[in-house]
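Take a look at the letters that make up each chain.
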Amino acid sequence: MLTRSQLVASVEGVSGERLTYWIEMGFIVPERGEGEQQFADIDIARVRLLHDLEADLDLDTDSIALLLSLLDQVYALRSRMRVMTEAIARQPPEVREAICALLSGRLGGGEDKGGAGGGEDKGS
Amino acid sequence: MQDPYKMLGVKKDAPADDIRKAYRKLAKKLHPDLNPGDKEAESRFKDVQAAYAIVGDEEKRGKFDRGEIDASGAERPERQFYRDYAEGPQGAKYYRQEGFGGFEDLDDVMSQIFGGRGAHGAKFRARGADVSYVLPVEFLEAARGAKKTVTLPDGKSLAITIPEGTHDGEMLRLKGQGQPGYEGGEQGDAYVEVRVRPHAFFHRKDNNIHMDLPVSLPEAVLGGKVTVPTISGSVAMTIPKGANTGMTLRLKGKGIKDSKMGPGDQYVTLKVTLPDEIDDALAEFIKGWAPDHAYDPRQAAGVK
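Residues numbered from 1 in each chain as written. Chains lettered and ligands numbered in written order. Predicted model: local features only at pLDDT ≥ 70, side-chain atom pairs only at ≥ 80, totals over all residues. Heavy atoms only, no water.

## A closer look at the sheet that holds strand β1 (residues 131–137) of chain B
Residue and element names in this part refer to chain B. Spatial ordering of the open sheet is given by β1-β5-β4, a layout of three strands whose pairing is mixed. Pairing within the sheet leaves two strands with one partner each, and these edge strands are β1 and β4 (171–174). For this sheet, the mean angle separating the axes of adjacent strands, direction not counted, is 25°. For β4 and strand β5 (residues 190–196), the ladder comprises four bridges, and the chain directions are antiparallel. The residue bridging Met171 from the neighbouring strand is Glu193, located in β5. (Pairing = 2+ DSSP bridges. Helix = DSSP H or I, 4+ residues; strand = E, 2+ residues; numbered from the N terminus. Axes fitted to C-alpha atoms, helices over the stretch in contact; angles between N-to-C directions.)

Structure (structure tokens):
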């Protein structure tokens, strides 16, 4: 956890004023410590991301708000997806095979995780 | 380390503007946080950043062109990207969920898949999902601190302590108040976003409270004692003789309490208010008074 001033000192190029603005916009949500605002690792990484979006990618606030909204949805979905795939990975082989069989050919696009290799139809 | 010009896809004599444009284009494509599933993105982004750190900087570009530094001369220190945390336990507070039901469809699937599987021995334990709520609170509740009980859509009630001086938009974390875990896994957390409703006359700025206070003509001209509301009850305040609109008086220590920084103050800005009706006595007096006491407030305010 960092305090506000520690955070501003550790992320090059980000002013206290900018940080206040991002907090006001709801882009950054400080943790509540005793009294003073505290920032967790994820908040610090998010401040760096915001700085990249502004300084390197030259995006304006409206674009950043739109992008963050989509990004937060993507990460929420990925987190759920991870829980699901971890759950599947812990199933006995026959269950995993059955799931792979159901999924094969249905998932368009995304990364191919390879599955258990036994996912082809065994014929009935 | 590759040639930084090649890395950015620009000619050696490209103007600085083109280099910046090329960098922005690549950064948009490669930023790891915008490509959470692409493992390569991070190293490619770092290479592009390192290249830009040289040729995007006039001085370093000159040194590089003259051979005084090589392409590795601007390696950046290790950095943790947002995506490194976004899917971990800290990530939940930024997840977008519509109300409580954003994932209902998926939750159904999850409970179908994992509900009652324990009997077969294939134990899967997982931490319960974090949930987030929005909680509107009154200005004074947030300023002074309050205990609130919230009834959730599932009938459960949750006791929430709003700490003294809670800001609008602040997130409170209630450990273990989220969704139950699967198969004995840990409970998720609840995140409560506090929305502070505006007050009729108090405004908050940092830990200070600001308000406008109407004062009557006699109070303004002759001075006097008035009663002023503060977030912790009314206090008596002395209006000095000749108080004017815009004059700000400070009530020390009457702002938001803060254990670290000490309490804030209350600032009271006076607003001299004429009576609703100007009666003959007042009008006659001003008529008699004005000719010998001309003054130009617009000149003083620089309006002229």
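## Remarks on the confidence of the model for chain A
All names here are of chain A. For chain A, the average pLDDT comes to 80, and 82% of its residues sit at 70 or higher. Looking across chain A, the model is least confident in strand β2 (residues 31–32), with a mean pLDDT of 78, and most confident in helix α3 (residues 41–56), with 92. Here residues 110–124 scores under 50 on pLDDT; set against residues more than four positions off or in separate chains, the count is ten contacts. (pLDDT = per-residue confidence, 0-100. Contact = heavy atoms within 4.5 Å.)

## Describing the sheet that holds strand β7 (residues 208–216) of chain B
Residues and elements named next belong to chain B. Read across the sheet, four strands follow the order β6-β7-β11-β10 without closing on themselves; strand pairing throughout is mixed. The open sheet has two free edges, formed respectively by β6 (203–205) and β10 (248–251), since each of these has just one partner strand. Direction aside, neighbouring strands of the sheet carry axes that sit 35° apart on average. Examined bridge by bridge, β10 and strand β11 (residues 266–273) share four bridges and lie antiparallel to one another. Following the sheet pairing, Leu251 is matched in β11 by Gln266.

## Looking at helix α2 (residues 16–24) of chain A
Residue and element names in this part refer to chain A. Along α2, the residues that are buried comprise Leu19, Trp22 and Ile23. Taken end-on, α2 shows its buried residues confined to a sector of 100°, consistent with a single buried face. Opposite the packed face of α2, turned more than 90 degrees from it, sit the exposed residues Glu17 and Glu24. Of the surrounding secondary structure, the elements contacted by the buried residues of α2 are α1 (4–10), β3 (37–39) and α3. Of the residues flanking the end of α2, it is Gly26, one or two places downstream, whose phi is positive at about 85°. (Buried < 20%, exposed > 50% of the residue type's maximum accessible area, 1.4 Å probe, protein only. Arc of directions from axis to C-beta.)

## What to know about the pairing of β5 of chain B
Residues and elements named next belong to chain B. The element β5 is largely enclosed, with a buried count of five among its seven residues. As paired strands, β1 and β5 are joined by seven bridges and run parallel to one another. Paired with Leu135 across the two strands is Val194, which belongs to β5.

## Some words on the interface of chain B and chain A
Facing the 47 residues of chain B at the interface are 47 residues of chain A. Taken together, the two surfaces of chain B and chain A that pack against each other cover about 4,300 Å², and 60% of this comes from carbon and sulfur. Of the charged contacts in the structure, one is a salt bridge between Lys93 of chain B and Glu31 of chain A, with a shortest N-O distance of 2.8 Å. There are 14 residue pairs in polar contact (both at pLDDT 80 or more) connecting chain B and chain A. (Buried area = accessible area lost by both parts, 1.4 Å probe. Salt bridge = Lys/Arg side-chain N within 4 Å of Asp/Glu carboxyl O. Polar contact = N/O pair within 3.5 Å; in protein donor to acceptor, adjacent residues only side chain to side chain.)

## Section: the pairing of β11 of chain B
The pairing of β7 of chain B with β11 of chain B spans eight bridges and is parallel. Residue pairing in the sheet places Pro214 of chain B in a bridge with Lys271 of chain B of β11 of chain B.

## Comments concerning the pattern of salt bridges
Using the criterion set out here, one finds 20 salt bridges over all chains in the structure. In this structure, Asp72 of chain A and Arg46 of chain A form a salt bridge, with 2.9 Å as the shortest nitrogen-oxygen distance. With Asp72 of chain A in helix α4 (residues 61–89) and Arg46 of chain A in helix α3, this pair connects stretches of sequence that are 26 residues apart. The pair Asp72 of chain A / Arg46 of chain A is uniform in exposure class, with both members buried. For Asp17 of chain B, the salt bridge goes to Lys21 of chain B, with nearest N and O atoms at 3.9 Å. Placement of the pair is Asp17 of chain B and Lys21 of chain B together in helix α2 (residues 16–30), with a separation of four residues, close to one helical turn. For Asp17 of chain B, a relative accessible area of 37% gives the class partly exposed. The exposure class of Lys21 of chain B is exposed, given its relative accessible area of 54%. Overlapping salt bridges bring together Glu31 and Asp43 of chain A together with Lys93 of chain B as one network.

## A few points about the nonpolar core
In this structure, Ile28 and Val47 of chain A together with Leu8, Ile19 and Tyr82 of chain B are the most contacted members of the largest nonpolar core, which totals 52 residues. Counting residues per element, the ones that place at least two in this core are α2, α3 and α4 of chain A together with α1 (4–8), α2, α3 (39–55) and α5 (83–86) of chain B. Considering each element in turn, this core owes the most residues, seven residues, to α3 of chain A. Excluding anything up to four places from it in sequence, Val47 of chain A contacts Leu7, Val11, Val14, Leu19, Trp22 and Ile28 of chain A. Counting residues in each nonpolar core, the second largest holds 35 residues, with Val131, Val228, Val235 and Met237 of chain B among its members. (Core = buried A, V, L, I, M, F, W, Y, C linked by side-chain atoms within 4.5 Å.)

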